[in-house]
Amino acid sequence: MDFTLSIERLQRADLDTVYALLPDEPEMQGAVLWHFFTPYAHVLKATMDGEFAGYICAIVHGDTGWIRELFVNPLWMDLGVGKALTTAMVEWMEGQGTTGQLLIAREDTEGFWEKFGFENDGALLRYEDGLFINASKDEVTNMEPEHMMAVLHMDRQASGEDRGELLREHSYLGSVYVEGSRVRGFSLPLLGHGLIVADSPEVGLELQRWLLPIQPYVILPVGHLAAHAHMIQRKYVAEPAGTRMVRGERPAFKLQMFYAHP
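The shown structure was predicted, so the numbers you read here are calculated from the model rather than taken from an experiment.

Novice: So what about the overall build of the chain? Which residues, and what values?
Specialist: Per the secondary structure count, the chain includes eight helices and 13 strands. In terms of overall dimensions, the chain is globule-like: its C-alpha atoms have a radius of gyration of 19 Å, near the 18 Å expected for 262 residues. In terms of overall dimensions, the chain has a C-alpha envelope of 65 × 35 × 35 Å along the principal axes. Looking at the chain as a whole, 49% of its 262 residues qualify as buried. Once local pairs closer than 6 in sequence are excluded, the contacts in the chain between residues at least 24 apart make up 69%. For the chain, the computed accessible surface area is about 13,000 Å², with 51% contributed by carbon and sulfur atoms. Distance between charge centres in the chain, computed from 21 positive and 37 negative side chains, equals 5 Å.

Listed below in structure tokens is the structure:
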């Protein structure tokens, strides 16, 4: 049987349909809503013969773009919906001037993304069920507007991306590690699973101690030996948390500066 597949921008009227398809997924509902109303984000929908078949969410900062979520209605699986949505979103990101596109692939989905030119850029691990040490250093203080320039500069060093709008939007409840007048690290607990960037293990692990009481886990890139050794010492259990994948130009990602990956 032949079906007519269409890809177009998600409309406000589609939000109720998305919520109905995801009744037990409040985080996914919230993510679609955030992407719909955020100026540097984009949501595309797929319809099959006029019926809602799926959606894809992405954001763009500067010359990099991120695919954040791909959902296909189970009623329309294996009919090319995911392929069509991904192709259209990559084209949109390229049209916005991105030279590299990234995503976090769930376990066992890497093969799907490789078909579009995405390549493995390193695995992520989720550390949970450990014994955190209480924060103790006076150098950690609330993030204030005067810290933002240093925070954005440090994030560009670590991520290789210009994520200024995203970081400013999630700066509420942020913390910085300040030594003298120098910002040596920062934490944004409300950005994804939490973002911590620091210039040394001493700084990064102290900022972790402020995040772990808020949430019981932290996500780290594989290969961060200092952070991994500390988490294992504190009895945390590491489980796979996905794979960073990159298509096109790879940002100058410095995994050793990340003490929580969002």
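Moving on, there is more to tell.
Novice: Tell me about the pairing of strand β2 (residues 41-48), residues and numbers included.
Specialist: Judged by how many residues are buried, β2 sits mostly within the fold: eight of eight residues are covered. Here β2 shows no split at all, with Ala41, Val43, Lys45 and Thr47 on one side and His42, Leu44, Ala46 and Met48 on the other all buried. By the bridge criterion, five bridges tie strand β1 (residues 5-9) to β2 in an arrangement that is antiparallel. Across the sheet, the residue bridging to Ser6 is Thr47, located in β2. In terms of strand pairing, β2 meets strand β3 (residues 51-61) through eight bridges, oriented antiparallel. What sits directly across from Lys45, in β3, is Tyr55. Connecting β2 to the next strand, β3, in antiparallel fashion are two residues, including Asp49 with a positive phi near 50°.

Novice: Describe a negative patch on the surface, naming the residues involved and giving the relevant values.
Specialist: Taken together, the side chains of Asp63, Asp162, Glu165, Glu169 and Glu249 define an acidic patch exposed on the protein surface. The residue Asp63 is located in the loop between β3 and β4 (64-72) in this model.

Novice: Could you give an account of the environment of Val237, naming the residues involved and the relevant values?
Specialist: With respect to the helices, strands and loops of the structure, Val237 is situated in strand β12 (residues 237-248). C-alpha of Val237 to C-alpha of Gly130: the two residues are 107 residues apart in sequence and 6.9 Å apart in space. Residues contacting Val237, with those up to four places away along its chain left out, are Arg126, Tyr127 and Glu128.

Basis of the calculations
- Residues numbered from 1 in each chain as written.
- Predicted model: local features only at pLDDT ≥ 70, side-chain atom pairs only at ≥ 80, totals over all residues.
- Heavy atoms only, no water.
- Helix = DSSP H or I, 4+ residues; strand = E, 2+ residues; numbered from the N terminus.
- Rg over C-alpha atoms; globule rule 2.2 N^0.38 Å.
- Buried < 20%, exposed > 50% of the residue type's maximum accessible area, 1.4 Å probe, protein only.
- Contact = heavy atoms within 4.5 Å.
- Areas by Shrake-Rupley, 256 points an atom, 1.4 Å probe, with all protein chains shown as cover.
- Lys, Arg positive; Asp, Glu negative; His and termini not counted.
- Charge placed at Lys NZ, Arg CZ, Asp CG, Glu CD.
- Pairing = 2+ DSSP bridges.
- Patch = residues over 30% accessible without salt bridge, like charges linked within 9 Å, V, L, I, M, F, W, Y side chains within 5 Å.
- Salt bridge = Lys/Arg side-chain N within 4 Å of Asp/Glu carboxyl O.

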